[in-house]
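Chain and residue survey
Each chain, written out:
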Amino acid sequence: MQNKGLVRLFAILFTLVSIYQLSFTFVSSKVEGEAEDFAVSKIADNVDGYLAKRDSIEVKYLDSIGNLKVYDIGIADYTYNEVKQLELNKGLDLKGGIDVTLQISVKDILKGLANNTKEPNFNSALERADELQTQSSDPYVESFFEAFDEVSAGSIGLSDPDIFATKELYGTVNAGDSNDKVQGEIRTKIDEAIVSAFEVLRKRIDQFGVTQPNIQREGQSGRIIVQLPGVKDVDRAKRLLQSTAQLEFWQTAQPAAFQTFIAAANQKLIELQPKSAEEIVEDEKSEIDSLLGDVVQDSVSTPQASPLFEVFSYSPYGVGIGTAAIKDTARVGEYLRMPEITQLLGQELRYTKFAWGKAEANSEVVPLYALQANRDKKPPLSGGVVVDASQSYDQQGKPAVSMQMNTVGAKAWEKLTGKVFEENGYIAIVLDNIVYSAPRSNGPIPGGSTQIYGQFSLNEAIDLANVLRAGKLPAKADLISYEVVGPSLGQEAIDSGLMSFLIALVLVLLWMVFYYGKAGLFADVALALNIVLIFGVLVSFGAVLTLPGIAGIVLTIGMSVDANVLLFERVREELAKGKGNKQAVEYAFSWKGAMSSIIDANITTGLTALILFAFGSGPIKGFATTLIIGILTSLFTAIFITRLLIDWYLNKGKSLDFSTTITKNLFRNMTINFINKRKVAYVISGILVAVSVFSLFFGNKLNEGVDFAGGRSFQVRFADAVNPEEVKENVIAAFESAEVKTFGADNQLKITTKYKVDEVGLEVDEEIQQKLFESVQSYLPDGMTYQSFKPGDDSNTAKMGIMKTFKVSPTIADDIKTNSLYAVFGSLLVVFLYILFRFRKWQFSLGAVAAVFHDVLIVLGIFSLTWRIMPFNMEIDQAFIAAILTVIGYSLNDTVVVFDRIREFANDHSSWKYAKIVNGALNSTLSRTLNTSLTTLVVLLAIFIFGGESIRGFMFALIVGVIVGTYSSMFIATPIMYDTTNKGDESKKKE
């Protein structure tokens with residue numbers, strides 16, 4: 001090997017840098033362990049709520065030492081905060097927290113750009129765009145343009161003064177501009193608005209104080225992905241992200257003015273109520289009795305129900321016009337928005353805007369305010385004038401928010417407060433359509449300084465001040481998908497992931513020594529270095545380690561052995577030919593030896609990993625990241641480090657057998673006639689594929705997960721074992737339809753429902769979690785509260801309740817499906833082209849791709865046939881697609897190694913018949929094929945058994961894929977390539 005000194009130097013430096021990068025993780029863990037010990041010493045186990053109190057003390061401890069030096073390496077020293085920033089990032093499934101996808105409403109942005117026009121074509125196009133979006137993955141603005149062309153039919157252009165040629169867009173869009181020009185300008189404006197939203201969210205997150213947050217845009221879709229690892233107060237995080245910070249100041253209307261309206265509204269609702277069957281029969285009976293002159297007079301009339309008064313309590317005194325229970329606010333709002341009700345407001349009140357107030361602490365009732373509005377329902381003053389905000393306290397010492405307005409705002413504020421004072425009214429301070437407070441004005445307030453106070457907790461006041469400083473979102477942000485993982489579940493994932501990692505590593509290390517003797521020890525050293533390098537690179541690039549990422553690293557252990565196996569098997573072949581150790585090693589590590597097979601196999605696997613990275617998201621991207629890094633570091637350690645160690649040993653005058661007494665003659669001189677057996681293999685595979693296709697289309701089909709079908713999924717843990725069928729009855733009663741099944745241990749269930757899946761908002765999430773709690777409450781310990789049942793709460797020592805929740809809206813589920821199909825077929829196309837490029841014959845590409853289709857169909861078929869009976873989760877989700885792509889890569893890896901040997905044999909044995917060439921190549925690679933497959937299966941089985949419930953289905957797909965892929969490379973890919981090659985002239989059947 002050339003440049004040994006340079007390679008040795010590079011390996012040493014690479015290793016030292018990796019260890020240095022990883023050292024920050026060890027130091028931060030040590031400091032956090034000391035903080036935990038300190039908290040435990042302060043709060044005993046018998047103290048009420050001791051976990052929450054310990055957590056608070058731990059946070060304060062770490063805050064207090066944030067700027068203290070905790071790590072000194074001589075040439076530099078680091079504070080705890082600096083160390084924390086440089087540690088290995090752990091994903092949500094390992095640390096707990098929340099991962100959300102926000103959809104910035106492009107529809108709202110379009111309305112704003114058009115100045116909320118009432119133009120019929122524009123608004124019809126928006127409605128039509130909503131419909132198109134249900135069947136399209138295009139950005140919303142493109143659906144709008146398509147819908148506008150369809151609706152307007154050329155009768156009006158986008159540059160019409162009633163649409164985009166407004167004063168606000170003057171100079172950007174002018175009357176008479178072509179639709180194409182306007183479309184370009186609107187796309188730019190929307191992109192600017194989304195960038196603005198991204199920056200606003202980033203500022204909010206920075207001020208939220210989360211360590212190692214991640215926020216990124218998702219292409220041109222208007223979606224923003226936010227990951228907040230370690231966050232425990234999930235509701236607070238959701239509010240922070242979804243709040244548009246739409247601050248408004250309104251004058252309230254006098255409650256007494258609505259007395260007539262409320263009574264009239266209730267009467268109208270009575271009239272609008274459909275009559276029951278008994279009432280219809282009674283009416284008919286009365287009509288008949290009247291005709292017969294036999295009318296019976298009741299002495300007491302039956303009182304009619306009062307729809308509005310049943311859910312709303314009117315009050316003519318005070319600031320608001322009445323109150324309602326929180327659970328009834330949606331119903332009251334629905335009543336007040338009905339056209340038949342709004343027309344009862346009369347001329348003076350017709351522009352009234354109704355808004356709910358904020359509930360007081362421990363209260364289930366909220367007030368309803370009537371706000372004086374104009375035709376456009378725009379406030380006299382909005383929050384855009386706020387230039388600074390800070391958390392403060394009101395006169396009673398309660399948390400509040402102080403604000404400072406700009407010059408324009410100060411003048412408007414002085415005018416508004418003066419007007420309210422003269423009319424003896426109140427000013428409603430409204431944030432995101434919720435009235436936080438409605439103070440009385442004591443006269444005009446100059447200077448633009450004011451204070452918002454109300455029912456704030458300290459965190460709410462801090463968050464509100466941060467949000468106002470960061471600025472408002474240009475449009476509402478809908479939470480279309482989210483995943484919440486409780487911290488205790490994250491710790492369990494770390495424990496199970498570490499267990500599977502260590503077991504797999506030990507098994508592989510022992511196997512290499514058992515099979516290859518001393519040479520196996522050198523491979524083990526290279527493998528250990530490979531692991532250090534993988535983690536070092538992950539830290540260096542700031543990548544996030546997830547549970548699938550750990551699976552990717554463990555899988556890399558199995559697959560990285562393949563390069564060493566290929567090299568060692570070739571050395572053994574050369575030794576069997578009578579070559580000496582050095583000559584055999586030199587040949588094996590050359591391009592003519594094993595190098596071409598190693599490079600081809602890793603490129604094909606790497607291509608599928610790259611496609612997985614491009615189309616995957618969240619944890620799946622983490623899996624792809626570690627797989628890509630693992631492939632690169634494996635090549636380096638196998639080709640260079642193993643070679644350095646072997647050369648060092650041989651240069652000492654010693655010899656290596658590259659085998660042990662037991663394995664020396666294993667798989668030697670094999671003469672299996674694979675070509676003669678191909679028709680039997682075709683029949684077996686044909687039956688398996690036919691059964692799989694039948695089951696996929698006509699049988700059990702597939703169990704689509706929330707990723708693909710949309711819905712909400714909850715992982716709920718109980719104290720004792722529960723019967724899923726019993727729980728299912730209660731859950732269906734609450735949600736109309738649901739799926740309930742055991743998930744892992746028999747005291748844990750996975751509950752999935754599509755109830756209100758199209759609706760977004762914190763209120764909907766809260767309602768569904770409350771319903772879930774009520775439906776399973778009888779199976780929970782006595783005294784367990786809803787608060788401790790919710791995800792992210794660690795206040796109960798038994799770690800029960802919602803451990804993890806996942807929600808995906810149908811729109812994003814469709815996009816995930818589409819991207820998954822692109823990923824699978826894209827990988828097949830890329831691999832087909834690569835193999836065509838390398839082997840120069842389409843028959844090789846056809847054989848490889850046919851084998852991959854065969855493998856994928858059988859894996860899908862097995863999932864379709866068995867998902868109802870297997871004791872673990874077998875949903876088709878993004879993780880499954882990752883498994884399919886990994887199977888594709890692995891299958892191609894095997895196939896390419898065989899094809900490389902066929903090409904080599906064809907060149908070296910030009911006089912042989914093609915069948916002999918193919919059989920010889922298959923037999924010569926059989927040792928490598930079985931060795932690599934067995935090693936990989938051992939690794940996968942270790943993860944399957946010890947890696948945790950959440951990735952068990954993922955691992956099962958890989959296990960099936962490896963078995964089927966090993967079979968197909970020998971009995972499908974190669975025979976198809978053989979049969980499609982020209983048989984007319986055997987001498988032509990070579991490369």
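Use the structure listed above.
Remember, it's a predicted structure, so these values are computed and weren't measured experimentally. (Residues numbered from 1 in each chain as written. Predicted model: local features only at pLDDT ≥ 70, side-chain atom pairs only at ≥ 80, totals over all residues. Heavy atoms only, no water.)

**What to know about the overall build of the protein chain**
Per the secondary structure count, the protein chain includes 34 helices and 23 strands. Evaluated residue by residue, the protein chain yields a buried proportion of 52% over its 991 residues. For the protein chain, contacts bridging at least 24 residues in sequence account for 73% of all contacts bridging at least 6. (Helix = DSSP H or I, 4+ residues; strand = E, 2+ residues; numbered from the N terminus. Buried < 20%, exposed > 50% of the residue type's maximum accessible area, 1.4 Å probe, protein only. Contact = heavy atoms within 4.5 Å.)

**Some thoughts on the sheet that holds strand E10 (residues 353-357)**
Spatially, eight strands are ordered E8-E9-E11-E10-E16-E15-E7-E12 in an open sheet, and the strand pairing comes out mixed. With one partner strand each, in any of the chains shown, strand E8 (313-314) and strand E12 (381-382) form the two edges of the open sheet. Where strand E7 (residues 247-251) meets E12, two bridges bridge the pair, whose relative direction is antiparallel. Its bridge partner being in E12, Glu248 is matched across the sheet by Ser382. Contacts between helix H13 (residues 329-337) and the sheet are confined to strand E9 (322-325), E10 and strand E11 (365-371), with E10 contributing the most and set at about 175° to the helix. (Pairing = 2+ DSSP bridges. Axes fitted to C-alpha atoms, helices over the stretch in contact; angles between N-to-C directions.)

**Quick look at the pattern of salt bridges**
Counted according to the given criterion, the structure contains 30 salt bridges. For Arg643, the salt bridge identified is with Glu586, shortest N-O distance 2.8 Å. Separated by 57 residues along the polypeptide, Arg643 in helix H23 (residues 619-651) and Glu586 in helix H21 (residues 581-588) bring together distant segments of the chain. Residue class for Arg643 comes out buried when judged on its relative accessible area of 5%. (Salt bridge = Lys/Arg side-chain N within 4 Å of Asp/Glu carboxyl O.)

**Details of the sheet that holds strand E22 (residues 748-753)**
If you trace the eight strands from one edge of the open sheet to the other, you get E5-E6-E4-E18-E23-E20-E22-E21, paired in antiparallel fashion. Only two strands of the sheet have a single neighbouring strand rather than two, namely strand E5 (214-218) and strand E21 (739-742). When the angles between neighbouring strand axes are averaged without regard to direction, this sheet yields 20°. Bridge count for strand E4 (residues 97-104) against strand E18 (residues 477-485) is eight bridges, and the pairing is antiparallel. In the strand pairing of E18, Val100 is matched with Tyr482. Strands E4, strand E6 (223-229) and E18 of the sheet are contacted by helix H9 (residues 234-242), whose axis makes an angle of about 155° with E18. Its contacts with the sheet put helix H26 (residues 724-735) on E21 and E22, and the angle it makes with E21 is roughly 155°.

**Structural notes on helix H7 (residues 140-152)**
With 13 residues, H7 should cover 18 Å at 1.5 Å per step; its first-to-last C-alpha distance of 18 Å lies within 8% of that length. Looking only at H7, the buried set comprises Tyr140, Val141, Ser143, Phe144, Phe145, Ala147, Phe148 and Ser152. Of the residues one or two after H7, Ala153 is the one with positive phi, at around 50°. (Expected span 1.5 Å × (residues − 1).)

**As for a nonpolar patch on the surface**
Where nonpolar side chains cluster on the molecular surface, the patch consists of Leu6, Leu9, Ile12, Leu13 and Leu16 and spans about 500 Å² of accessible area. Looking at the element boundaries, Leu13 is found in helix H1 (residues 4-42). Given the relative accessible area of 45%, Leu13 is considered partly exposed. (Patch = residues over 30% accessible without salt bridge, like charges linked within 9 Å, V, L, I, M, F, W, Y side chains within 5 Å. Areas by Shrake-Rupley, 256 points an atom, 1.4 Å probe, with all protein chains shown as cover.)

**Notes on the packing of H1 against helix H19 (residues 518-540)**
In the contact formed by H1 and H19, the axes pass within 8 Å of each other and the chain directions differ by 60°. Taken together, the axes of H1 and H19 are oblique relative to one another. Taken as a pair, H1 and H19 cross one another with a handedness that is left-handed. Together, Phe14, Thr15, Ser18, Ile19, Gln21 and Leu22 of H1 and Leu529, Val532, Leu533, Phe535, Gly536, Val537, Val539 and Ser540 of H19 make up the contact between the two elements. Along the lines of polarity and charge, the residues of the contact of H1 with H19 split into nine nonpolar, five polar and no charged. (Parallel < 35°, antiparallel > 145°, perpendicular 65-115°, else oblique. Left-handed = near helix turned anticlockwise from the far one by under 90°. Nonpolar A, V, L, I, M, F, W, Y, C, P; charged D, E, K, R; others polar.)

**Things to note about the nonpolar core**
Counting residues in each nonpolar core, the largest one holds 134 residues, and the members touching the most others are Phe535, Leu538, Phe568, Phe880, Ile888, Ile902 and Phe954. Per element, the largest residue contribution to this core is 17 residues, and it comes from helix H31 (residues 878-908). Discounting residues that sit within four places of it in the chain, Phe880 has contacts with Val859, Leu860, Phe863, Glu875 and Ala957. Of all hydrophobic cores here, the second largest spans 49 residues; its members include Phe122, Phe148, Ile205 and Leu479. (Core = buried A, V, L, I, M, F, W, Y, C linked by side-chain atoms within 4.5 Å.)

**Description of the pairing of E9**
Burial along E9 is one-sided: the residues Gly322 and Ala324 are buried and none of Thr323 and Ala325 is. Of the strand pairs in this sheet, E8 and E9 are connected by two bridges, and their pairing is antiparallel. Looking across to E9, one finds that Tyr314 is bridged to Gly322. Two strands pair when backbone bridges link them, and E9 and E11 are joined in this way by four bridges, in the antiparallel orientation. Bridge pairing in E11 places Thr323 opposite Pro367.

**Some details on a negative patch on the surface**
Residues Asp138, Glu146, Asp149 and Asp180 make up a contiguous surface patch of negative charge. Since its relative accessible area comes to 44%, Glu146 is described here as partly exposed. (Lys, Arg positive; Asp, Glu negative; His and termini not counted. Charge placed at Lys NZ, Arg CZ, Asp CG, Glu CD.)

**Focus: the pairing of E7**
With five of five residues buried, E7 lies mostly within the body of the structure. Both faces of E7 are covered, namely the face carrying Leu247, Phe249 and Gln251 and the face carrying Glu248 and Trp250. Alignment of E7 against strand E15 (residues 427-431), held across five bridges, turns out to be antiparallel. Bridge pairing in E15 links Gln251 to Ile427.

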